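Examining the three-dimensional arrangement
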Amino acid sequence: VLAELWTSALKRQRSEGELRSSEGRFRALAEHMRDSICEVGEDGLLLYASPSYAELLGGEQDALLGTDPLDCVHPEDRRRATYLFRPGARSRRKGTHVYRAQTLAGRPLFLEATASEFEGRDGKSRVEVATRDVPERENAREALVRQNQLETRVAEYSHSFVVIKNDESVAGYQ
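Summarised in this report is the structure supplied together with it.

Definitions and limits used
- Residues numbered from 1 in each chain as written.
- Predicted model: local features only at pLDDT ≥ 70, side-chain atom pairs only at ≥ 80, totals over all residues.
- Heavy atoms only, no water.
- Pairing = 2+ DSSP bridges.
- Helix = DSSP H or I, 4+ residues; strand = E, 2+ residues; numbered from the N terminus.
- Axes fitted to C-alpha atoms, helices over the stretch in contact; angles between N-to-C directions.
- 1 Å grid on protein atoms, 1.4 Å probe; cavity = no way out; pocket = protein on both sides within 12 Å on 5 of 7 lines; lining within 4 Å.
- Points joined across faces, edges and corners; volume = space filled by probe spheres on them.
- Nonpolar A, V, L, I, M, F, W, Y, C, P; charged D, E, K, R; others polar.

1. Some details on the sheet that holds strand β3 (residues 97-102)
Remark on secondary structure: sheet strands pair via backbone hydrogen bonds, oriented parallel or antiparallel. The sheet built from 5 strands is open, its strands ordered β2-β1-β5-β4-β3 with antiparallel pairing. Each having just a single partner strand, β2 (46-49) and β3 make up the two edges of the open sheet. The mean angle between the axes of side-by-side strands here comes to 30°, regardless of whether they run parallel or antiparallel. Alignment of strand β4 (residues 108-119) against strand β5 (residues 125-133), held across 9 bridges, turns out to be antiparallel.

Here is the structure:
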C-alpha cells in the first residue's frame, strides 16, 4: 500500500511538472508572437494579456488584467463579439470574426479574432482569443463598397443620357 501511495505521488508530481512546463511553453510562445492573445475568465474579465495585446490596445499588460475586453469593442459589434469573449457562449461560432474596436486612446481598429474555450486547472471555463489588426483588408473592403456604390449611381443615371449620332456627333440629355 505504501509503495502504491509513493508511486501515485510521484506520478502526480511528474504530471504537475509537465503541466507547469506546458504552461511555460504557452506563455513563451504567446509573449513572442505577433498575434495578440488574451485569456478571459468565467466572469468575462481578462486573466492574461500578451505583450502584443497590450501594445495593440495601447495599454500596459498589468493594467489590462481584470478589465472587460468588450469595453474596447465598437457598440454596434459588441453583441456579436460577446460570443468570442464569454465562456459558455451557447452559440460560439467557429472560424474567424472581424469586428471594430478602438485603442485605449480612441484610435479605431479593425480586428480579426478566433476563440477557443477550455477548462482551467481550477475547473472553470475560460476563453483564449487570438486577435490581429487587419486594417488593410478592411480598407480594401471599404474601397470595394465605395466602387460598387459609384458604379450603381452611374448605372442609375445612365438611362438619362442619350447619344445622338449624326455628322457632327452631338451628345445630349433626354
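2. Let's talk about empty space enclosed by the protein
Applying the stated criterion across every chain, the model contains 1 cavity of 30 Å³ or more. Estimated volume of the largest cavity: approximately 70 Å³. The element best represented in the lining of the largest cavity is helix α2 (residues 51-57), accounting for 3 residues. Grouping the constituent residues of the lining of the largest cavity by class yields 10 nonpolar, 1 polar and no charged.

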